[in-house]
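Descriptive structure summary
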Amino acid sequence: MAHIPITPQSDADPAVVRDIQHYMRPGLLQLPSLPPLSLYVHLPWCLKKCPYCDFNSHEFRDGSGDGVGGPGQVPEQRYIDALMADLEAALPLIWGRTVHSIFIGGGTPSLFSPQSIDRLLSDIRARLRLESDCEITMEANPGTFEKDRFRAYRSAGVTRLSIGVQSFNDTHLKALGRVHDRAQALAAVEEAAQAFDTFNLDIMYALPGQTMPELEQDLLTALAFAPPHISIYHLTIEPNTYFAKFPPAIPEDDQAYAMLDRITEMTGEAGMARYEISAYARPGHQCFHNINYWQFGDYLGIGAGAHSKLSFAHRVVRQVRFRDPARYMDNALAGRAMAQDDDVRRADLPFEYMLNALRLRDGFALQDFTDRTGLPLTTIAKGLEAAERKGLIERDAARVRPTERGFDFLSDLQELFLAD
Ligand SMILES: C[S@@+](CC[C@H](N)C(=O)[O-])C[C@H]1O[C@@H](n2cnc3c(N)ncnc32)[C@H](O)[C@@H]1O
Ligand code: SF4
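Heads up: these notes are all about the structure in this document.

About the criteria used
- Residues numbered from 1 in each chain as written.
- Chains lettered and ligands numbered in written order.
- Predicted model: local features only at pLDDT ≥ 70, side-chain atom pairs only at ≥ 80, totals over all residues.
- Heavy atoms only, no water.
- Pairing = 2+ DSSP bridges.
- Helix = DSSP H or I, 4+ residues; strand = E, 2+ residues; numbered from the N terminus.
- Expected span 1.5 Å × (residues − 1).
- Buried < 20%, exposed > 50% of the residue type's maximum accessible area, 1.4 Å probe, protein only.
- Contact = heavy atoms within 4.5 Å.
- Axes fitted to C-alpha atoms, helices over the stretch in contact; angles between N-to-C directions.
- Left-handed = near helix turned anticlockwise from the far one by under 90°.
- Nonpolar A, V, L, I, M, F, W, Y, C, P; charged D, E, K, R; others polar.
- Parallel < 35°, antiparallel > 145°, perpendicular 65-115°, else oblique.

With antiparallel pairing, 3 strands are arranged side by side in an open sheet as β15-β17-β16. Each having just a single partner strand, β15 (364-365) and β16 (393-395) make up the two edges of the open sheet. Judged from the 2 bridges that link them, β15 and strand β17 (residues 399-402) form a sheet pairing that is antiparallel. By the bridge assignment, Phe-364 is partnered in β17 with Val-400.

Written as structure tokens, this is what we have:
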């Protein structure tokens with residue numbers, strides 16, 4: 001999971017259809033070149049909605065998937081038809097560009113059969129030029145696991161599996177409302193380790209009632225599989241979720257900070273480096289797709305509620321597709337999947353850039369800032385001075401890097417670049 005800023009959006013809004021000429025018009029920015037392009041594909045259904053989750057995910061039993069699949073069944077083929085109509089309508093915006101990575105996220109993409117994922121990837125390849133070593137990640141939930149299913153995804157072309165483990169402790173899995181238990185999590189990770197050269201485990205900490213020894217046990221279990229990559233998230237209580245309405249008792253902030261220190265220590269001892277605020281990897285196993293987000297690269301997002309960020313010579317554009325799966329399918333099949341399409345305001349670009357780039361342990365090259373925002377360095381000079389004075393960054397003539405303190409107080413650091 002990469003946390004992409006979410007713009008509030010109402011599906012009551014009409015579809016947005018912009019003239020292709022708009023994107024090419026002269027504007028205030030001067031981008032000397034375009035960044036790498038990634039593709040995000042959102043598959044929005046889950047077996048059951050988790051009480052902490054504010055992602056655009058829907059229980060398919062609730063009828064939101066009505067259509068060719070009928071009630072109670074994910075309409076896989078109709079949804080893929082809609083994705084392809086969505087992609088085809090977007091092609092003029094990425095003309096001639098190569099795709100460097102694909103991320104199939106959700107929701108629970110592993111609800112889709114391996115045959116459907118095979119069709120999805122073939123249909124994408126028929127329409128886009130992929131880099132020869134294109135990283136193709138897919139998210140999987142241990143609750144949808146059955147023998148040989150992960151191997152079949154591998155044969156369909158997925159190169160990297162990301163498993164939503166969250167915890168190996170049955171009590172905590174229950175408190176999180178997960179559909180799987182410890183035994184299913186262990187079986188899923190075991191098969192992923194056999195089927196994939198590289199894979200990720202999503203783990204959450206500061207869980208309801210969790211103690212430090214329990215967190216250590218979860219991590220020891222995860223590390224015993226020698227995972228190439230782990231993403232570790234502090235459980236947050238998001239607005240409009242079940243947990244926001246009925247908050248569980250979770251560890252205090254001090255306790256959560258101590259847990260994070262312990263996580264960094266234990267993963268470090270296991271040979272993994274914290275290369276991003278919530279991502280730990282063995283050498284050579286960093287996730288290209290997420291690094292591209294954090295380096296302010298481009299991504300085209302197709303599927304219900306998917307977000308895109310696309311650069312042009314004189315503007316940076318953000319788009320959002322319709323959120324509700326049924327409405328998305330109807331609109332995408334009619335060639336108008338887009339609910340929002342806005343140029344990023346010049347004044348907002350420095351903060352948007354920093355929101356991403358400062359999450360990386362190695363920070364960013366000053367040249368990349370000008371290349372990717374089309375703005376001169378003078379637009380961040382004041383913010384950089386303040387950040388350096390407060391000990392939140394270190395820099396030389398070419399690079400800016402968050403310090404340990406900057407990493408600990410990341411939102412304070414990022415806020416220094418907010419527009420006046
Ligand atoms: C979109 S989910 C994809 C994985 C899959 N849907 C699953 O849950 O198994 C990505 C990850 O975000 C994390 N996540 C979701 N909601 C969160 C929250 N409220 N606080 C912290 N992490 C969260 C979980 O670790 C989850 O695996
Ligand atoms: S399985 Fe993942 S996407 Fe689905 S509701 Fe749970 S956390 Fe959200």
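Here we take up helix α3 (residues 114-127). Spanning 14 residues, α3 covers 20 Å between terminal C-alpha atoms, matching the ideal 20 Å at 1.5 Å per step. Restricting attention to buried positions, one finds in α3 the residues Pro-114, Ser-116, Ile-117, Leu-120, Leu-121, Asp-123 and Ile-124. In this structure, the buried residues of α3 make contact with β1 (37-43), α2 (76-90), β4 (98-106), β5 (129-140) and α4 (149-156).

Closest axis-to-axis distance for the α4/helix α6 (residues 182-195) pair is 9 Å, and the angle between their directions is 35°. Taken as a pair, α4 and α6 cross one another with a handedness that is right-handed. Packed against α4, whose contacting residues are Arg-149, Phe-150, Arg-151 and Arg-154, the element α6 presents Ala-188, Glu-191, Ala-192, Gln-194 and Ala-195 at the interface. Grouping the amino acids of the contact of α4 with α6 by side-chain chemistry returns 4 nonpolar, 1 polar and 4 charged.

Take the environment of Ala-185 next. Structurally, Ala-185 can be placed in helix α6. By relative accessible area, Ala-185 is classed as buried at 0%. Contact partners of Ala-185, with chain neighbours within four places excluded, come to Pro-142, Val-165, Phe-168 and His-180.

Here α2 crosses helix α11 (residues 325-333) at 50°, and the two axes come no closer than 8 Å. Considered as vectors, α2 and α11 are oriented oblique to each other. Once α2 is placed against α11, the crossing between them reads as left-handed. Of the residues in α11, those touching α2 at Arg-78, Tyr-79, Asp-81, Ala-82, Leu-83, Ala-85 and Asp-86 are Tyr-328, Met-329, Asp-330, Ala-332 and Leu-333.

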